[in-house]
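Chain by chain, the residues:
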Amino acid sequence: MPAERRPLVAGNWKMNGLKASAGEIGAVAQGYDAALAARIDLLVCPPATLVCKAAADVAQSPLVIGGQDCHAKACGAHTGDISAEMLADAGAKAVILGHSERRADHHESDEMIWQKAEAAWRAGLTAIICVGETEEQRTAGHHHAVVARQVRGSVPDDATPENTVVAYEPIWAIGTGLVPTPEDVAEVHGAIRAVLAQRFGEAAQGIRILYGGSVKPDNAKALLGAADVDGALVGGASLKADDFLAIARSYL
Ligand code: PEP
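> Got a minute to help me understand the site of the ligand in this structure?
Residues in close proximity to the ligand total 14 residues, the closest being Lys14, His99, Glu169, Gly175 and Ser214. In the environment of the ligand, an oxygen atom lies 2.5 Å from a nitrogen or oxygen atom belonging to the side chain of Lys14. Within the backbone of Gly175, an N or O atom sits 2.7 Å from an oxygen atom of the ligand. Alone, the ligand offers 290 Å² of accessible surface; in the complex the protein occludes 98% of this.

Quick look at the structure:
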């Protein structure tokens, strides 16, 4: 991995966590010691209700807090939605966009995710743009084409290594305990890098590509050691500070 691509381990809490769970984020901040902070970036994305408290709680730590989605507009008549500006105001520095659960549950299209990424940048947030194929698409051998189409359709033209992270999350691996081999992951990440290079030239070498899907302490080293893998997007195992930190420490 080129020196400029600093690894990122990001936790996606999804719709989990009450005020009482904020202690886990404090424990992550505690465990994110100087050795780890010298090596990798660490991010936790709790539900929106906890962003403000979490960001305040970890203000003295290099641990960063993010959101899990944002609306494309800055404000307006959009009941129940949250804008990128609101997340930034609450202390978030990044936002996950286009997670497969949002693509499925909320019918989010590539075009919507593109607009949300531009909204994230407008508010000064890093956009973590998720892509990934279904089991049927993988079995049919269409995964490269699907992922390439998603990257072309949801990563906006002004993406840079500073404002954008891509997360490859095969849907069949999310929350299932099934994982692709490190070789399979490297192959898809290489294909994503090639699509980014067609779009962004040399800058594509600096854009981080995370792997997500059943990353656990016992498989992290192999998955994160694969070529072109610049970190992890972690769901279930990010809910416990010990597990999340154990994944992060696979870089030490
Ligand atoms: C996710 O949903 O982003 C994810 C990777 O979940 P899990 O780690 O639980 O598979």
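Picking up where we left off.
> Any chance you could explain unusual backbone geometry here in plain terms?
For residues other than glycine, phi is negative in most cases, and the peptide bonds are mostly trans. The phi torsion at Lys14 lies on the positive side, around 55°, for a residue other than glycine. By secondary structure assignment, the location of Lys14 is in the loop between β1 (8-12) and α1 (22-31). Of note, the phi angle at His107 is positive, near 50°, even though the residue is not glycine. Inspection of the secondary structure puts His107 in the loop between α5 (100-105) and α6 (110-122). Classification of His107 as exposed rests on a relative accessible area of 65%.

> Would you take a moment to explain the sheet that holds strand β4 (residues 94-97) for this structure?
Whether parallel or antiparallel, the strands of a sheet pair through hydrogen bonds between backbone atoms. Reading around the circumference, β1-β2-β3-β4-β5-β6-β7-β8 is the order of the 8 strands in this closed barrel, with parallel pairing throughout. In this sheet, neighbouring strand axes are inclined to one another by 25° on average, regardless of whether the strands run parallel or antiparallel. Relative to strand β8 (residues 231-234), strand β7 (residues 208-212) runs parallel, the two sharing 2 bridges. Looking across to β8, one finds that Tyr211 is bridged to Ala232. Along the sheet, helix α8 (residues 143-154) makes contact with β5 (126-131) and β6 (164-168), crossing β5 at roughly 150°.

> Can you help me understand helix α11 (residues 241-248) in this one?
Taken together, the buried positions of α11 are Ala241, Phe244, Leu245, Ile247 and Ala248. Take α11 and look down its axis: the buried residues cluster within an arc of 155°, on one side only.

> Mind showing me how you'd approach the pairing of β8 here?
Regular strands have side chains that alternate between both faces of the sheet. What you see with β8 is no split at all: Gly231 and Leu233 on one side and Ala232 and Val234 on the other are buried throughout. With 4 bridges connecting them, β1 and β8 associate as parallel partners. For Val9, the partnering residue across the bridge sits in β8 and is Ala232.

Reading the values: rules and limits
Residues numbered from 1 in each chain as written. Predicted model: local features only at pLDDT ≥ 70, side-chain atom pairs only at ≥ 80, totals over all residues. Heavy atoms only, no water. Near = heavy atom within 4 Å. Polar contact = N/O pair within 3.5 Å; in protein donor to acceptor, adjacent residues only side chain to side chain. Areas by Shrake-Rupley, 256 points an atom, 1.4 Å probe, with all protein chains shown as cover. Helix = DSSP H or I, 4+ residues; strand = E, 2+ residues; numbered from the N terminus. Buried < 20%, exposed > 50% of the residue type's maximum accessible area, 1.4 Å probe, protein only. Pairing = 2+ DSSP bridges. Axes fitted to C-alpha atoms, helices over the stretch in contact; angles between N-to-C directions. Contact = heavy atoms within 4.5 Å. Arc of directions from axis to C-beta.

Purely spatial values, then, with no claim about function.
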